[in-house]
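The residues making up each chain are set out below.
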Amino acid sequence: MSVIVRIGRKKAILCAARWRCADLRLEEQLQASLDIWVQKTGGPPMGHKDPDKFAAEAIRHEIEYELLMTSRPKGRSAHTAYLSKRQIRLPF
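Residues numbered from 1 in each chain as written. Predicted model: local features only at pLDDT ≥ 70, side-chain atom pairs only at ≥ 80, totals over all residues. Heavy atoms only, no water.

A.B. asks: Provide a residue-level description of the confidence of the model for the protein, including the pertinent values.
C.D. replies: When pLDDT is averaged across the protein, the result is 88; 99% of the residues are at 70 or more. Looking at the elements of the protein, mean pLDDT is at its lowest for helix α3 (residues 77-85), recorded as 78, and at its highest for strand β3 (residues 18-21), recorded as 96. (pLDDT = per-residue confidence, 0-100. Helix = DSSP H or I, 4+ residues; strand = E, 2+ residues; numbered from the N terminus.)

A.B. asks: An account of the environment of Ile-4 is needed here, citing residue identities and associated values.
C.D. replies: Within the secondary structure, Ile-4 sits in strand β1 (residues 3-7). Residue classification places Ile-4 among the buried positions, given a relative accessible area of 16%. When sequence neighbours within four positions are dropped, the list of residues in contact with Ile-4 reads Ala-12, Ile-13, Glu-66, Leu-67, Leu-68 and Met-69. (Buried < 20%, exposed > 50% of the residue type's maximum accessible area, 1.4 Å probe, protein only. Contact = heavy atoms within 4.5 Å.)

A.B. asks: Quick one: what's the story with α3, residue by residue and with numbers?
C.D. replies: Every buried residue of α3 is accounted for by Ala-78, His-79, Ala-81, Tyr-82 and Lys-85. Taken end-on, α3 shows its buried residues confined to a sector of 160 degrees, consistent with a single buried face. Looking at the buried positions of α3, the neighbouring elements they touch are β2 (10-15), α1 (24-41) and α2 (51-58). (Arc of directions from axis to C-beta.)

A.B. asks: Let's hear about the packing of α2 against α3: which residues, and what values?
C.D. replies: Their axes nearest at 9 Å, the elements α2 and α3 cross at an angle of 55 degrees. As summarised for this structure, α2 and α3 are arranged oblique, according to the angle between their axes. The residues of α3 that touch α2, namely those facing Pro-51, Asp-52 and Ala-55, are Ala-78, His-79 and Tyr-82. Considering only residue class, the contact of α2 with α3 consists of four nonpolar, one polar and one charged. (Axes fitted to C-alpha atoms, helices over the stretch in contact; angles between N-to-C directions. Parallel < 35°, antiparallel > 145°, perpendicular 65-115°, else oblique. Nonpolar A, V, L, I, M, F, W, Y, C, P; charged D, E, K, R; others polar.)

A.B. asks: Hey, could you go over the state of the cysteines for me, with residue numbers and the actual values?
C.D. replies: Scanning the model with the defined rule gives zero disulfides in all. Free cysteine Cys-21: the closest other cysteine sulfur is in Cys-15, separated by 15 Å. With relative accessibility at 13%, the residue Cys-21 sits in the buried group. (Disulfide = S-S within 2.5 Å.)

Put into structure tokens, the structure is as follows:
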């Protein structure tokens, strides 16, 4: 686990560039915001120690939420997850 946030009475987890939430609509909204942010900015800086926390703080102004808890990811899963999101999507 990397980041836990609270939006009203609901909670969501961001782990390895993927949002998870019991409310499917909220999960899709969070994931869409993250994907758009990564496409616009390139995502967290390469080699950042906690890319999920960086990303959660960056999109925090779009969907207002409170960061409850963060923990650094173990291994390379969070770092490599953003690499695939950085790829440009071509329409063919």
